[in-house]
Amino acid sequence: MIILALSAIVGTTKLITPYLTDLAHRDDADRFQYLASHLLLTTGTPKNWGQLESIVPSSLGLAKCDTVQPYELDIDKVTRLNNENIYSLDYSKLWQALGVKDASFQIEIKPLFQLSIELVSDSTQGSQRVYEFKIAARKSGMPLSTNLNSYVILKDFVNETTSSTSPDGVTTVTIGIPNSLHGTALLLVFAQATVNSQMVSLGMYSFGHNSQSPLPNGTFTRLSTLDYVLNASLKYATIEVSKAQVFTFSYNFSLNAKTQDDQTVEYDIPRLLDASPMVIVLTGVNGSTSFTEFVPYPQVPLQIGPDFSESIAGSRIAVYRYTATINSALYEVVTKWGGLSDSV
Amino acid sequence: MFDRRGQIRIIESFLAIAVVFSAVLVSVTFPSAPDLSKQKSLASIATQALIKLDTNGTLGSLILKQLWTDIKTALEVLLPVGVSFNLTIYDGTGHVVNSEVIQNSNLLGQEAVSVQYVCSTRSQTIHFFVVRLQMAWMG
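Criteria and cut-off values
- Residues numbered from 1 in each chain as written.
- Chains lettered and ligands numbered in written order.
- Predicted model: local features only at pLDDT ≥ 70, side-chain atom pairs only at ≥ 80, totals over all residues.
- Helix = DSSP H or I, 4+ residues; strand = E, 2+ residues; numbered from the N terminus.
- Contact = placed C-beta atoms within 7 Å.
- Pairing = 2+ DSSP bridges.
- Axes fitted to C-alpha atoms, helices over the stretch in contact; angles between N-to-C directions.
- Nonpolar A, V, L, I, M, F, W, Y, C, P; charged D, E, K, R; others polar.
- Domains from an automatic or database assignment.
- Buried ≥ 20, exposed ≤ 12 C-beta atoms within 10 Å, placed from the backbone.
- Arc of directions from axis to C-beta.
- pLDDT = per-residue confidence, 0-100.

1. Some details on the overall build of chain A
Now for step 1: Along chain A, the regular secondary structure elements total 4 helices and 22 strands.
Now for step 2: C-alpha extents for chain A along the principal axes are approximately 100 × 45 × 40 Å.
Now for step 3: A separation of at least 24 residues holds for 66% of the contacts in chain A among residues at least 6 apart in sequence.

2. Focus on the sheet that holds strand β21 (residues 317–326) of chain A
Residues and elements named next belong to chain A.
Now for step 1: Sheet architecture is open: 4 strands sit in the order β20-β3-β22-β21, paired in antiparallel fashion. Because the sheet does not close on itself, it has two edges, and the strands there are β20 (302–304) and β21. Within the sheet, the average angular offset between the axes of one strand and its neighbour, ignoring direction, is 15°.
Now for step 2: Bridging between β21 and strand β22 (residues 329–339) involves 10 bridges; their strand directions are antiparallel. Residue pairing in the sheet places tyrosine 322 in a bridge with valine 333 of β22.

3. Considering the sheet that holds strand β3 (residues 113–120) of chain B
Working definition: the strands of a sheet are paired by backbone hydrogen bonds and lie parallel or antiparallel to each other.
All names here are of chain B.
Now for step 1: Here 4 strands make up an open sheet; going across it, the order is β2-β1-β4-β3 and the pairing antiparallel. Of all the strands in the sheet, just β2 (102–103) and β3 have a single pairing partner and so form its edges.
Now for step 2: Pairing geometry for strand β1 (residues 83–90) and strand β4 (residues 128–137), over 8 bridges, is antiparallel. Directly across from valine 83, in β4, lies its bridge partner tryptophan 137.

4. Overview of the interface of chain A and chain B
Now for step 1: Contacts between the two partners involve 26 residues from chain A and, on the opposite side, 26 residues from chain B.
Now for step 2: For the side of chain A that touches chain B, the secondary structure elements donating two or more residues are α1 (2–24), α2 (28–41) and β21 of chain A.
Now for step 3: No other element matches β21 of chain A, which puts 5 residues into the side of chain A that touches chain B.
Now for step 4: The residue makeup of the side of chain A that touches chain B, split by class, is 16 nonpolar, 7 polar and 3 charged.

5. Some words on the domain arrangement of chain B
Now for step 1: Along its sequence, chain B is organised into domain 1 (1–32) and domain 2 (37–137).
Now for step 2: Each of domain 1 of chain B and domain 2 of chain B has a C-alpha centre, and the two are 57 Å apart.

6. Digging into unusual backbone geometry
Residue and element names in this part refer to chain A.
Now for step 1: Cis geometry marks the peptide bond from tyrosine 297 to proline 298; its omega dihedral reads 5°.
Now for step 2: Mapped onto the fold, proline 298 is located in the loop between β19 (289–297) and β20.
Now for step 3: Look at the link from valine 300 to proline 301: it is a cis peptide, with omega at 10°.
Now for step 4: Mapped onto the elements, proline 301 comes out in the loop between β19 and β20.
Now for step 5: Of note, the phi angle at tyrosine 71 is positive, near 60°, even though the residue is not glycine.

7. Concerning helix α4 (residues 91–98) of chain A
Residues and elements named next belong to chain A.
Now for step 1: Every buried residue of α4 is accounted for by Tyr91, Leu94 and Trp95. The arc that holds every buried residue of α4, seen down its axis, measures 100°, which confines them to one face.
Now for step 2: Just beyond α4, the residue with positive phi is glycine 99, at close to 80°.

8. Some thoughts on the confidence of the model for chain B
Residues and elements named next belong to chain B.
Now for step 1: Confidence along chain B averages 85 in pLDDT terms, with 90% of residues attaining 70 or more.
Now for step 2: Highest mean pLDDT in chain B belongs to β1 (94); lowest belongs to helix α1 (residues 2–29) (78).
Now for step 3: This complex was scored by the predictor with a pTM of 0.84 and an ipTM of 0.76.

9. Points about the domain arrangement of chain A
Residue and element names in this part refer to chain A.
Now for step 1: Taken as a whole, chain A is organised into domain 1 (20–110 + 301–339) and domain 2 (112–214).
Now for step 2: Centre-to-centre, using C-alpha coordinates, domain 1 lies 33 Å away from domain 2.
Now for step 3: Facing 5 residues of domain 1, the contacting portion of domain 2 comprises 4 residues.
Now for step 4: Taken together, the residues that form the side of domain 1 that touches domain 2 break down as 3 nonpolar, 1 polar and 1 charged.

10. Observations concerning the pairing of β1 of chain B
Now for step 1: Sheet topology note: the β1 of chain B/β2 of chain B ladder contains 2 bridges and is antiparallel. Within β2 of chain B, the residue paired with asparagine 86 of chain B across the bridge is glutamine 103 of chain B.

Now the structure itself:
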């Protein structure tokens, strides 16, 4: 009888425990959803913490100051989430600024659709080398009809080509570069969905023109943007910068140096109204090696926070997706929320 | 005498076991309150998508030009993968405006949420539309 009573108590406890735990976490989803909205709808403190490089916000919010549109994010607050930027904030500072001690979070910001670029062929035709690229626009595998504006940059040479993807989301872009040039060339492709001009995406492809394969982006300089100023930290004393340019879907301009010393050059970036990300391209030489390096502004795609894919099976993770506006262009923001991570 | 007592104890034990297990079965099958967090999240996504689609009056303009396929494509880009949707547009008098079905897959048999949004055109003559977006997680 005693054994029976004990086993009944143990069995009942085992069965009830998960339900009691479930009740304790019942409001987590609502709370996390509120936190995710709060993050994207408030400016944080101070309101302009994005532009102030030395400021760590005392409360976290990514919304643009004085905006009337919900889910419009500040270009600099977003850029400071990217750890490749010298002004970035690390996760522990962001977590402290959010001020919720029992929750960890991950923020991912990316374009609404993806562009893939593939070099199909290259051949010499007369005085130039002709490159053929296959460009595909897809949203999670679904083809998308887009208008494309492609730029090829090599030293002072810039070639602009407009085209559009067919209904299967694919097109071919052919570009010729004079054989008199040599060095690292960069193909920049801006894509705008035909159904909505605010849906834009960006693709970059570096290749060697009459030279060996290019070194990875960031080999010669570290490019960071903040408050419409480009900071170029030169990694070698022998580097000579020849040109800085900004590109958007519709425009491209050369930038004027604002300040310069042995290791750093700063450029003012114009405030363009184009619904497009900007890409700042810096060309130059280091000894006999020419380079073409770049940084997007806002500096996305980005991901910051603990990797929830390594979480213990069965642990609760809440995922909230939003569509946000940054400089009139639309981006997908994915926030993931969970219990306190060990990595904090 | 002892044998009969023993038999009664055994029967009593079996009865007790049966009572405990039936209690357990009842508690397991007892319906718990529904979890509405997924539905709330979906409703938030739907509202967001419509707000962003209507930036600068784009949605009203697409409706006025009767570009139903463009509206469907724009929603497919804005909404996450794995979501079924059906969009119905009504005019000020409550009549359905869209002459084609705007949906990516059938919502039948799925637990759907419905969100309503009012938009207008930015033309000289202003038209108002009520947009109803129904969405459900696939599978």
